[in-house]
Amino acid sequence: LGVFASRRPRHRGRTEVSEALELFRENVRRFVTQQVQPHYEQWERDEIVPREIWHRLGEQGLLCVDIPEAYGGPGADFRFSMVILEEFSRGNCGGLGGPMAVHSDIVAHYLLNNGSEAQKQQYLPRMVSGECVGAVAMTEPGAGSDLQGLRTTARREGGDYVINGSKTFITNGQHCDMVIVVARTNTEVPGSRGTSLFIVDCDTPGFQRGRNLEKIGLHASDTSELFFEDVRVPGSAILGELDKGFAVLMEELPRERLVLAVGAVAAAEGVLAETVDYVKERKAFGAPLAQLQNTRFKLAEVATAIRVNRAFVEECKQLFTAGRLDPATASMAKISSTEMQGQVADACLQLFGGYGYMREYGVSRAYVDARVQRIYGGTSEIMKELISRSVLA
């Protein structure tokens, strides 16, 4: 972090920025290789990472890197945060990289962009250090992708609000110290005009964590049900404006979907690299698999798909840093890259044959981890609907 901070790209030329990014990338890659991958299979079997890893991530400067110095962050730009996500995804450690992205790229920026000064000072420095792990509670058992169908309510009582309801599929649900809760504050109007966001500390009476949900992939990521029974929070816990929560969600979704796209491309690059190494060594019919035409053609297809999506995602990064990434374009990046990730993981597993189905090979994890990418952050079907509206406008 010290080296990174000393070379932060303020008023620097493009070459210097690129050099700083690559130096930072090397540091992140070293951390993944030395401190994550040796333990990752055990974390997968435990179906959770140890809470201590969050403190270690904070100590290494790998959390909330684009949070300003005024709130305890390094004050880097978006590209540095994406380097972290890319290296965890490329290293086939999505069960930790994904929760880190939720913490650093979603929750922290909800606070930074919409929080009061007191809220930012209270939470952001502790999120940077890893002392406070953040989560966001949107999805409900009966609503899924339909954010306007939320049933969790926040009823006003004097100067407080009393929250009741339940959430599911919440990343960081077991480890979180604070959760941003989406709740209806006006049930007389559509959800888009009667929804608010609340910051809830997880030691608040009435808050309960449900079980750590069993998933087909991303086993190391804790994903939980959360329950709110008469959870009383002060009016100062509202994040943003009362009844304007839906607008906040819509404003932040382009970043979230771009983050998913970035991770998808990097994960595909990682599984391709592993597959290339395998087919060069593995022999069939008296020769390495790499000499078979089917192998060569399939790798050509996969490499082309990855490169095309990489180019689009890089364009979206530039648009985002310039403040010009629109929701439809972010949705295009999300659907294209995540669909591609699933296809690449499937094609690569096929080249491993029966060994690809064994957990001892990383390609099996890449395959099951890729599946959820087409669901969370908005399903592929929701992406198509959003994109079509832009096309037909």
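Structural data are supplied above this passage.
In short, a report on the structure. (Residues numbered from 1 in each chain as written. Predicted model: local features only at pLDDT ≥ 70, side-chain atom pairs only at ≥ 80, totals over all residues. Heavy atoms only, no water.)

1. Section: the overall build of the protein
And step 1. When helices and strands are tallied, the protein shows eleven helices and ten strands.
And step 2. A compact globule built from 393 residues should have a C-alpha radius of gyration of about 21 Å, and the protein, at 21 Å, falls within 12% of that.
And step 3. In terms of overall dimensions, the protein has a C-alpha envelope of 80 × 45 × 45 Å along the principal axes.
And step 4. The buried share among the 393 residues of the protein stands at 53%.
And step 5. A separation threshold of at least 6 residues defines the contact pool for the protein, and within that pool the share at least 24 residues apart is 74%.
And step 6. Summed over its atoms, the accessible surface of the protein is roughly 17,700 Å², and 50% of this surface lies on carbon and sulfur atoms.
And step 7. Each charge class in the protein was averaged separately, 44 positive and 50 negative side chains, and the resulting centres sit 4 Å apart. (Helix = DSSP H or I, 4+ residues; strand = E, 2+ residues; numbered from the N terminus. Rg over C-alpha atoms; globule rule 2.2 N^0.38 Å. Buried < 20%, exposed > 50% of the residue type's maximum accessible area, 1.4 Å probe, protein only. Contact = heavy atoms within 4.5 Å. Areas by Shrake-Rupley, 256 points an atom, 1.4 Å probe, with all protein chains shown as cover. Lys, Arg positive; Asp, Glu negative; His and termini not counted. Charge placed at Lys NZ, Arg CZ, Asp CG, Glu CD.)

2. Focus on the nonpolar core
And step 1. In terms of nonpolar packing, the biggest core is built from 53 residues, with Leu57, Phe88, Leu96, Met100, Tyr110, Met127 and Met178 touching the most fellow members.
And step 2. Contributing elements (two or more residues each) for this core: helix 2 (14–46), helix 3 (52–59), helix 4 (78–90), helix 5 (94–114), helix 6 (117–129), strand 4 (178–184), strand 5 (195–201) and helix 7 (245–281).
And step 3. The element best represented in this core is helix 2, accounting for ten residues.
And step 4. Here Met127 is in contact with Leu63, Cys64, His103, Val107, Ala108, Leu111, Cys132, Gly134 and Met178, once residues within four sequence places are set aside.
And step 5. One finds Leu258, Val344, Ala347 and Ala366 within the second-largest nonpolar core, a separate group that totals 34 residues. (Core = buried A, V, L, I, M, F, W, Y, C linked by side-chain atoms within 4.5 Å.)

3. Notes on the packing of helix 5 against helix 7
And step 1. Here helix 5 crosses helix 7 at 150°, and the two axes come no closer than 11 Å. In this view, helix 5 runs roughly antiparallel relative to helix 7, as classed from their interaxial angle. In the packing of helix 5 onto helix 7, the handedness of the crossing is right-handed. Each of Ala101, Asp105, Ile106, His109, Tyr110, Asn113 and Asn114 in helix 5 lies in contact with helix 7, whose residues at this interface are Val248, Leu249, Glu252, Arg255, Glu256 and Val259.
And step 2. Each residue belonging to the contact of helix 5 with helix 7 can be placed in one class, and the counts come to six nonpolar, three polar and four charged. (Axes fitted to C-alpha atoms, helices over the stretch in contact; angles between N-to-C directions. Parallel < 35°, antiparallel > 145°, perpendicular 65-115°, else oblique. Left-handed = near helix turned anticlockwise from the far one by under 90°. Nonpolar A, V, L, I, M, F, W, Y, C, P; charged D, E, K, R; others polar.)

Any functional reading would require information that these geometric values do not contain.
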